[in-house]
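Residue strings, one per chain:
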Amino acid sequence: MFTMNRHEKMLAISLGALIVLCSSMYSQAHAQSIIKKFSVNDPAGLVLDTKGNLYVVESGKNRILQFNSNGTLIRTWGSSGSGPGQFNNPIGITLDYTRGYVYVTDTGNDRVQKFSSDGKFITKWGSSGSGPGQFQTPIGIDEDESKQNVYVTDVGNNRVARFSSNGLFVGQWGGLGSGQGQFANPGRVAVDPAGNLFVADFGNNRIQKFDENGKLIKTWGSLGSGNGQFYNPTGMTVTFPQGNVYVADTGNSRIQEFTNDGKFINKWSIDTPTGSNDNIDIDVDFKGTIYLTDRAADQVLVISP
């Protein structure tokens, strides 16, 4: 994410024939709308690459879906199981935008898998447990491209683990609690242009910001519905090169946008056809268009910039 500016390089994304219009509205600071949507069986993580391709974790079918910038499904890979390239309830996904690698948290198998951009299996790491390099329900994942650090939220152990791009364990931090640097079911992670790491501290209703070694830099948020407050924050992404932080504030049915140091900028309420939402992941393209998974409705939403 640092060698190249992924959002400056992204092409304008149009999901075209695959996606149909939806009249549900986003409102508050700006009048925004869910302009497109498409169905995915229990969607979890998603991520956009620099060419406008969209990768979606279809957790319900234990596979990865890849769409091109025109919205055509061009590739799927994965199946149910524990072998290389197989999955058991995968959730998180991220990319190495320069080298084309795809990393997936294979949550039910307590491991991370690494693939080429066309879905060829490269390697895997992790096992069930609480020791170094082990996991109990890994969910969030992101990479610092300049140093090729891969960060994973280990939810059951309430910690963040750091690895090399090939899975070598480097270090970890955290622990159950509400103190500084502690977590209560940490969810998504996102790396900013400077290599700092943001963690959605789901159970503590806050965001925590760390340097690459786990030194706490900043926290913000508390339980509530006011600006800068949260009710179960889940999905999160950081825009490039600005470094703004977008958070899916699921319990409040909205998205909030912050500066890199946690100052509130904007918010958008979410009104889905089902009346409920479970926004597991979020990404934003170079125009500000928001892509959001909604597990409650089995769909991916595209929100106008």
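These numbers were taken from a predicted model, which means no experiment stands behind them.

**Here's the deal with the pattern of salt bridges**
The tally for this structure, following the rule as stated, stands at 12 salt bridges. Across the pair Asp-42 and Arg-295 runs a salt bridge, and its minimum N-O distance is 2.5 Å. Of the two residues, Asp-42 sits in the loop between β2 (32-39) and β3 (43-48) while Arg-295 sits in the loop between β24 (290-294) and β25 (299-303), which places them 253 residues apart along the sequence. Its relative accessible area of 21% is what places Asp-42 among the partly exposed residues. Note that Arg-63 is salt-bridged to Glu-58, the shortest N-O span being 2.6 Å.

**Points about the side chain of Asn-109**
One can find Asn-109 in the loop between β8 (102-106) and β9 (111-115). Asn-109 gets classed as buried once you look at its relative accessible area, which sits at 19%. At 3.0 Å, the side chain of Asn-109 forms a polar contact with the backbone oxygen of Gly-81. Sequence-distant contacts of Asn-109, defined by excluding residues within four places in its chain, comprise Gly-81, Ser-82, Gln-86, Phe-87 and Asn-88.

**What about unusual backbone geometry?**
The linkage connecting Phe-240 with the following residue, Pro-241, adopts the cis geometry, with an omega of 5 degrees. Looking at the element boundaries, Pro-241 is found in the loop between β19 (233-238) and β20 (245-249). We note that Asn-62 has phi near 50 degrees; this positive angle belongs to a residue other than glycine. Relative to the helices and strands, Asn-62 is located in the loop between β4 (54-58) and β5 (63-67). Assessed through its relative accessible area of 12%, Asn-62 is described here as buried.

**So, the sheet that holds β20**
Strands in a sheet are paired, the pairing made by backbone hydrogen bonds, and the direction either parallel or antiparallel. Strand order in the open sheet made by the four strands is β19-β20-β21-β22, with antiparallel pairing throughout. Since the sheet does not close on itself, it has two edges, and those belong to β19 and β22 (264-269), each with one partner. Here the average twist between neighbouring strands, direction ignored, is 20 degrees. As paired elements, β20 and strand β21 (residues 254-258) share five bridges and run antiparallel to each other. Paired with Tyr-246 across the strands is Glu-257, a residue of β21.

**A few points about the sheet that holds strand β16 (residues 197-201)**
With antiparallel pairing, the four strands of this open sheet are ordered in space as β15-β16-β17-β18. In this open sheet, the two strands that pair with only one neighbour each are β15 (186-191) and β18 (216-220). Between one strand axis and the next, the sheet turns through 20 degrees on average, direction left out of account. Across four bridges, the pairing between β15 and β16 is antiparallel. Bridge pairing links Val-191 to Leu-197 in β16.

**Some words on the environment of Gln-208**
Structurally, the position occupied by Gln-208 is in strand β17 (residues 206-210). Owing to a relative accessible area of 0%, Gln-208 belongs among the buried residues under this scheme. Sequence-wise, Gln-208 and Leu-197 are 11 residues apart; in three dimensions their C-alpha atoms are separated by 8.2 Å. Sequence-distant contacts of Gln-208, that is, excluding residues within four places in its chain, are made with Gln-180, Gly-181, Gln-182, Phe-183, Leu-197, Phe-198, Val-199, Asp-201, Leu-216, Lys-218 and Thr-219.

**Digging into the nonpolar core**
Within the largest apolar cluster, 17 residues are counted, with the highest numbers of intra-cluster contacts made by Tyr-55, Ile-64, Trp-77, Ile-93, Val-102 and Val-104. At the level of elements, β3, β4, β7 (93-95) and β8 are the ones that each hand at least two residues to this core. With near-sequence residues (within four places) excluded, Trp-77 lies in contact with Tyr-55, Arg-63, Ile-64, Gln-66, Phe-87, Val-102, Phe-115, Ser-117, Asp-118 and Gly-119.

**Quick word on the pairing of β20**
Burial analysis of β20 places five of its five residues in the buried class, the great majority of the element. Here β20 shows two buried faces, one formed by Val-245, Val-247 and Asp-249 and the other by Tyr-246 and Ala-248. Direction of pairing for β19 relative to β20: antiparallel, over a ladder of four bridges. Looking across to β20, one finds that Val-238 is bridged to Val-245.

Definitions and cut-offs
- Residues numbered from 1 in each chain as written.
- Predicted model: local features only at pLDDT ≥ 70, side-chain atom pairs only at ≥ 80, totals over all residues.
- Heavy atoms only, no water.
- Salt bridge = Lys/Arg side-chain N within 4 Å of Asp/Glu carboxyl O.
- Helix = DSSP H or I, 4+ residues; strand = E, 2+ residues; numbered from the N terminus.
- Buried < 20%, exposed > 50% of the residue type's maximum accessible area, 1.4 Å probe, protein only.
- Polar contact = N/O pair within 3.5 Å; in protein donor to acceptor, adjacent residues only side chain to side chain.
- Contact = heavy atoms within 4.5 Å.
- Pairing = 2+ DSSP bridges.
- Axes fitted to C-alpha atoms, helices over the stretch in contact; angles between N-to-C directions.
- Core = buried A, V, L, I, M, F, W, Y, C linked by side-chain atoms within 4.5 Å.

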